[in-house]
Amino acid sequence: MTDKKNADVCIVGGAGHVGLPMALSFANAGSRVQIYDINEKTLATIASGTMPFVDDGAEAYLRHALDNDLLTLTADPADITPTGALVITIGTPVDEFLNPSHSAVKSSIDALIPHITDAHLIVLRSTLYPGTTEWLHRYLQECGKKTRISFCPERSVQGRAIKELSELPQIISGTSDAAVAEAMTFFAPVVPEMIEMAPLEAEFVKLFDNSYRYIEFAIANQFYMLADQAGADYSKIHFGMTHRYERAKHMPRPGYTAGPCLFKDTMQIAAFARNQFSLGHSAMLVNEGLVLYMIEKIAAEHDLANITVGLLGMAFKANSDDMRASLSYKMKKHLMMRAKAVLTSDPYVQEDPNLLPLDEVVEKSDVLILCTPHADYRDLDVKGKPVFDVWNHVVRPTPTEVIKGSA
Ligand SMILES: NC(=O)c1ccc[n+]([C@@H]2O[C@H](COP(=O)([O-])OP(=O)(O)OC[C@H]3O[C@@H](n4cnc5c(N)ncnc54)[C@H](O)[C@@H]3O)[C@@H](O)[C@H]2O)c1
């Protein structure tokens, strides 16, 4: 596709974790896709045929898109294709006071306004603070734009966005019937099923989905800390609670609950609820507090000031290279104030210059903390070092031993 302006869809923020898998999925379905992103370095990586992060199946899709001339990349908003879908996938953070950062959304939109035409369908794909879709509708109308606006949230799990786009029902909303109809036509080739609702309802779906998960993990983490503090083996308790007991079978195990979405989306609801979302705030205290609990647990058994602590896994979740909002870094920050030294390792993370080879961290550390349950650590030889492993990934329980009697 030599003419940059000749695409069926332009993905704004298309070099990111949401935008790029979506761009590749549409290209794979035969659409001509344009990526517009301000990160020129990542655009160059993509243009060279290399994925800038891990997403299941993405490398082959990227090769297919480039080989078949279905993908163009630009950092210049003046290149934005003047018709078709304009999909917005930029980050929507909370600020340092845990309020939604409206200015981040508005300034990104302001930069796009000169290039938005009445022939565009705007598809908001980022997670949005409730009311943002209707706000954008009013704002663009004030700017004299008649563009149709839809909000169709991304709900996939990090690292499986391509796969899940074709598996998950797509929530569709719009500020007019025409916007809804166009959004449905746009998504039909790549999603299995669509659910229509009002923009505010769709905004809540995405935020409630993430908050629900965040609170679920907090329940597991709270139970773990309660039981562990009382000297009980939580892995046995969890097994007892869930084994052939349907009503509790989805109870998660404890672990460091982090990443770029769950925390900040829970805080978006808290801000929307005028800081009266006590369940969400409690979940935040529990999930963030688990790190500090583990440090106190280690301090109770070891003279922290005189030992080197090794952290295994700096990505926010297993088998991922994504270190955004990872609790491993909170662990590191606190330990650096208490321990003699802190060494870190991760087989996937690329962007942290302080990482050391795994063998070296195991060798030089007096105590290890399993921060991220990467598959690579499953059969790790820890050379007899004590491992603090809330995940039970390296230090594995044998719960079947507690089953007595016949099946
Ligand atoms: N990562 C996920 O798994 C996931 C899942 C569901 C929803 N979300 C939501 O999707 C949104 C994006 O998340 P992400 O993880 O893809 O973020 P990201 O940081 O990986 O990607 C955002 C991209 O937008 C680009 N960008 C930023 N400002 C821009 C601008 N003004 N113009 C053009 N490009 C710009 C960045 O360079 C980056 O490439 C957030 O609202 C997030 O909450 C993320």
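Residue indices follow the written sequence of each chain, beginning from 1 at its first position. Residues qualify for local features only when their pLDDT is at least 70, as the model is predicted, and side-chain atom pairs are given and counted only at 80 or more; totals for whole chains, interfaces and linings, by contrast, use all residues. Heavy atoms from the whole structure form the basis of all side-chain values; hydrogens and water molecules are not counted.

Re helix 11 (residues 278-301)
Put simply, the rule is: Secondary structure is summarised from DSSP: a helix means a run of H or I of at least four residues, a strand means a run of E of at least two, and numbering begins at the N terminus for each. A helix is expected to span 1.5 Å for every residue after the first. To get the bend at a given residue, fit one axis to the seven residues ending there, fit another to the seven starting there, and take the angle between those axes. The contact definition used throughout considers only heavy atoms, calling two residues in contact when any of these lie within 4.5 Å.
Taking 1.5 Å as the rise per residue, helix 11 with 24 residues should run 34 Å; its terminal C-alpha atoms sit 34 Å apart, in good agreement. Leu290 marks the point of greatest bend in helix 11, at about 35 degrees. In this structure, the buried side of helix 11 is in contact with helix 8 (199-229), helix 10 (262-272), helix 12 (327-336), strand 11 (367-370) and strand 12 (387-388).

Some points on the side chain of Ser150
This is how it is decided: Working definition: with a 1.4 Å probe on protein chains only, accessible area under 20% of the residue-type maximum means buried, over 50% means exposed, and in between means partly exposed.
Looking at the secondary structure, you find Ser150 in strand 6 (residues 148-151). On the accessibility criterion, Ser150 (0% relative accessible area) is buried. Dropping the residues within four chain positions of it, Ser150 is found in contact with Leu121, Ile122, Val123, Leu124, Ser173, Gly174, Ala179 and Ala183.

Quick look at the site of the ligand
To be explicit about the condition: One heavy atom within 4 Å of a molecule or strand is enough for the residue carrying it to be called near that molecule or strand. Within 3.5 Å is the distance limit for a polar contact, defined as a pair of N or O atoms, with the added protein rule that one can donate a hydrogen and the other accept it, and that residues adjacent in sequence qualify only through two side-chain atoms. We get accessible surface area from the Shrake-Rupley algorithm with a probe of 1.4 Å; when it comes to residues, only the shown protein chains can shield them. Residues are grouped as follows: Ala, Val, Leu, Ile, Met, Phe, Trp, Tyr, Cys and Pro are nonpolar; Asp, Glu, Lys and Arg are charged; all remaining types, including Gly, are polar. Segmentation into domains, and thus their bounds, comes from an automatic or database assignment.
Taken together, 24 residues lie around the ligand, and His17, Val18, Asp37, Thr92 and Lys264 are the ones closest in. The side chain of Arg324 places a nitrogen or oxygen atom 3.0 Å from an oxygen atom of the ligand. For the ligand, whose accessible area on its own is 820 Å², the fraction buried by protein is 84%. Among the residues forming the shell around the ligand, the class breakdown is seven nonpolar, 12 polar and five charged. Residue contributions to the shell around the ligand reach at least three from each of two domains, namely domain 1 (9-197) and domain 2 (206-399).

Here's the deal with the domain arrangement of the protein
The criterion, for reference: The quantity reported as buried area is the accessible area (1.4 Å probe) lost by two parts once they are put together, taken as the sum for both. A pair is scored as a salt bridge if a Lys or Arg side-chain nitrogen falls within 4 Å of a carboxyl oxygen belonging to Asp or Glu.
As far as domains go, the protein holds domain 1 (9-197) and domain 2 (206-399). Relative to domain 2, the C-alpha centre of domain 1 lies at a distance of 32 Å. The interface of domain 1 with domain 2 comprises 19 residues on the first partner and 17 residues on the second. Taking both partners together, domain 1 and domain 2 bury about 1600 Å²; carbon and sulfur atoms supply 59% of that area. Counting across the interface, domain 1 meets domain 2 through one salt bridge. Between domain 1 and domain 2 we count eight residue pairs in polar contact (both at pLDDT 80 or more) in total. When grouped by side-chain class, the residues that make up the side of domain 1 that touches domain 2 number 12 nonpolar, five polar and two charged.

Some thoughts on the nonpolar core
Under the convention used in this document: The term nonpolar core refers to a set of buried residues drawn from Ala, Val, Leu, Ile, Met, Phe, Trp, Tyr and Cys, joined through side-chain atoms within 4.5 Å.
Ranked by internal contacts, the top residues of the largest apolar core, which has 47 residues, are Tyr256, Met294, Leu311, Met331, Leu335 and Ile369. Those elements that provide at least two residues to this core are helix 8, helix 10, helix 11, strand 9 (308-312), helix 12 and strand 11. Broken down by element, the residue count for this core peaks at nine residues, all from helix 11. Residue contacts for Tyr256: discarding those within four places in its chain leaves Leu290, Val291, Met294, Phe316, Leu327, Met331, Ile369, Leu370, Cys371, Val390 and Trp391.

Notes on the sheet that holds strand 11
This is how it is decided: For two strands to be treated as a pair, DSSP must find at least two bridges joining them.
With parallel pairing, the four strands of this open sheet are ordered in space as 10-9-11-12. Both edges of this open sheet fall to strand 10 (341-345) and strand 12, since each of them pairs with a single strand only. Across five bridges, strand 9 lies against strand 10 in parallel orientation. Within strand 10, the position partnered with Gly310 by the bridge is Leu343.

Observations regarding the packing of helix 4 (residues 102-112) against helix 5 (residues 132-142)
A pair of packed helices can be characterised by two numbers: the angle between their axes and the separation between those axes. For clarity, the threshold we go by: Angles shown run from 0 to 180 degrees and are taken between the N-to-C directions of axes, each axis being a line fitted to C-alpha atoms and, for helices, limited to the stretch in contact. Working rule for angles: under 35 degrees goes down as roughly parallel, over 145 as roughly antiparallel, 65 to 115 as roughly perpendicular, anything else as oblique. Helix crossings get a hand from a simple test, with the near helix turned counterclockwise from the far one by less than a right angle marking a left-handed crossing and a clockwise turn marking a right-handed one.
One way to put it is that helix 4 packs onto helix 5 with a least axis distance of 12 Å and a crossing angle of 40 degrees. Taken together, the axis directions place helix 4 and helix 5 in an arrangement best described as oblique. Crossing angle aside, the handedness with which helix 4 passes helix 5 is right-handed. Packed against helix 4, whose contacting residues are His102, Val105, Lys106, Ile109 and Asp110, the element helix 5 presents Thr132, Trp135, Leu136, Tyr139 and Leu140 at the interface. Of the residues in the contact of helix 4 with helix 5, the class split is six nonpolar, two polar and two charged.

Comments concerning the packing of aromatic side chains
Which entries qualify depends on this criterion: Within 6.5 Å between ring centres, the rings of Phe, Tyr and Trp (the latter by its six-membered ring) count as paired, and their orientation is classed by plane angle as stacked under 30 degrees, edge-to-face over 60, tilted in between.
Summed over the entire model, instances satisfying the criterion amount to 11 aromatic pairs. Plain terms: the ring middles of Phe26 and Phe186 are 4.4 Å apart, the flat faces sit at 10 degrees to each other, and that makes the pair stacked. Taken together, the residues Phe26 in helix 1 (residues 19-28) and Phe186 in helix 7 (residues 177-187) connect sequence positions 160 residues apart. Neither Phe26 nor Phe186 differs from the other in exposure class; each is buried.

Focus: the sheet that holds strand 7 (residues 170-174)
If you trace the eight strands from one edge of the open sheet to the other, you get 3-2-1-4-5-6-7-8, paired in mixed fashion. The two strands at the open ends of the sheet, each matched to only one other strand, are strand 3 (71-74) and strand 8 (194-196). Recorded for the sheet is a direction-independent mean angle of 25 degrees between the axes of neighbouring strands. Alignment of strand 4 (residues 84-88) against strand 5 (residues 120-124), held across five bridges, turns out to be parallel. By the bridge assignment, Ala85 is partnered in strand 5 with Leu121.

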